[in-house]
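# Chain and residue survey
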Amino acid sequence: MMNRMMTGKLFVLSGPSGVGKGTLREHALSDIPGLVYSISCTTRQPRPGETDGIEYRFITHEKFTQGIQQNLFLEYAHVHDDFYGTLRADVVNELESGHNVLLEIDVQGALQVKAKMPEAVLIFVAPPSVEVLEQRLRGRHTESEAALSVRLKNAAGELGLKDKYDYVIVNDDLEKASQELRQIIL
Ligand code: ADP
Ligand code: 5GP
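Below, the structure is looked at part by part. On a predicted model such as this, the values are computed, not experimentally measured, just so you know.

Bringing the site of ligand 2 into the picture now. In the vicinity of ligand 2, 17 residues are found, and the nearest of them are Ser40, Arg44, Tyr56, Tyr84 and Asp106. Between an oxygen atom of ligand 2 and a side-chain N or O atom of Ser40, the distance comes to 2.6 Å. In this structure, Tyr84 approaches ligand 2 through a side-chain N or O atom, which is 2.5 Å from an oxygen atom. Look at ligand 2: alone it shows 520 Å² of surface, and the protein chains cover 96% of it. Cavity membership is defined here by more than half of the atoms lying within 2 Å of grid points; on that basis ligand 2 lies in the largest pocket. Taken together, the elements giving at least two residues each to the shell around ligand 2 come down to β5 (73-79) and β6 (82-87). In terms of residue class, the shell around ligand 2 is built from five nonpolar, five polar and seven charged.

What follows concerns the site of ligand 1. For ligand 1, the set of nearby residues contains 13 residues, the closest of which are Gly18, Lys21, Thr23, Arg140 and Asn171. Take Gly18: an N or O atom from its main chain is 2.8 Å from an oxygen atom of ligand 1. At 3.3 Å, a backbone N or O of Val19 approaches an oxygen atom of ligand 1. Burial of ligand 1 by the protein chains amounts to 72% of its free accessible area of 560 Å². With respect to the detected pockets, ligand 1 is housed in the largest pocket. Broken down by secondary-structure element, the contributors of at least two residues to the shell around ligand 1 are α1 (21-31) and α5 (130-140). The element contributing the most residues to the shell around ligand 1 is α1, with three residues. Taken together, the residues that form the shell around ligand 1 break down as three nonpolar, six polar and four charged.

What counts as what
- Residue positions are given per chain, counted from 1 along the sequence in the order it is written.
- Here every chain gets a letter starting at A, and every ligand a number starting at 1, in the order they are written.
- Restriction of local features to residues with pLDDT of at least 70 applies here, the model being predicted, together with a cutoff of 80 or more for giving and counting side-chain atom pairs; totals for whole chains, interfaces and linings are based on all residues.
- Hydrogens and water molecules were not included; the side-chain quantities draw on all heavy atoms of the structure.
- Working definition: residue near molecule or strand if any one of its non-hydrogen atoms lies within 4 Å of it.
- Counted as a polar contact is a pair of N or O atoms within 3.5 Å, where, for protein atoms, one must be capable of donating a hydrogen and the other of accepting one, and residues adjacent in sequence contribute only when both atoms are in side chains.
- In short, Shrake-Rupley with a 1.4 Å probe defines the accessible areas, and a residue's cover is counted only from the protein chains shown.
- In this analysis, the protein atoms alone were mapped onto a 1 Å grid. Cavities are point sets where a 1.4 Å probe fits without being able to get out; pockets are open sets with protein on both sides within 12 Å along at least five of seven lines; lining residues have an atom within 4 Å of a point.
- The rule for placing a molecule in a cavity or pocket is simple: more than half of its atoms must lie within 2 Å of the grid points.
- To qualify as a helix, a DSSP run of H or I must reach at least 4 residues; to qualify as a strand, a run of E must reach at least 2; elements of each kind are numbered from the N terminus.
- Three classes are used, and their members are as follows: Ala, Val, Leu, Ile, Met, Phe, Trp, Tyr, Cys and Pro are nonpolar, Asp, Glu, Lys and Arg are charged, and the others, Gly among them, are polar.

Nothing here speaks to function; it is geometry throughout.
Okay, structure coming up:
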């Protein structure tokens, strides 16, 4: 059988928790025709308002481990106490259909993707300051105090890897940051 060409482009968005990745992703998906989002698998519990198959595929540790053994993941990582991963088949099918694909994944996953698919475009979202990052994360009211402190502690390590990315967007003014993301993708 002939190999199908992957004519779509792959974009990878990363950044510390609370920086605004989800918000920027929503803007990009509603603004940019032909851009699709790859829904990740995770072992974390859904937050109030999250639905299985929409924000994530919420799966058990056992299922996640099976997926690793069966080599189903393009990348996966242990992030803030849970496993998160991208299914390879989903991404490849979309790229072969000519769609541009957006992943929103952590820094470890992004570097795995770049190693396997060097043509992937890596975009890092940075906060204007660590103080603003903490305010946003607290303002979202989605994490316990313990989960917040894990996420803030991990932010420093994540910020240290931003030079490995093709682009860095500082999410200060949301409209401006959205425009920058749009320009990179287009
Ligand atoms: P992430 O997906 O990176 O964890 P979110 O998109 O959930 O972050 O954003 C965290 C919080 O910050 C949300 O309450 C969101 O509305 C808010 N936010 C996002 N971008 C900005 C911005 N540029 N200015 C102010 N608040 C923002
Ligand atoms: P949250 O629990 O806030 O939804 O996500 C926590 C972190 O996991 C974020 O940095 C997010 O980008 C990352 N993440 C989400 N999906 C994936 C994935 O499929 N793979 C990897 N490596 N990280 C992911």
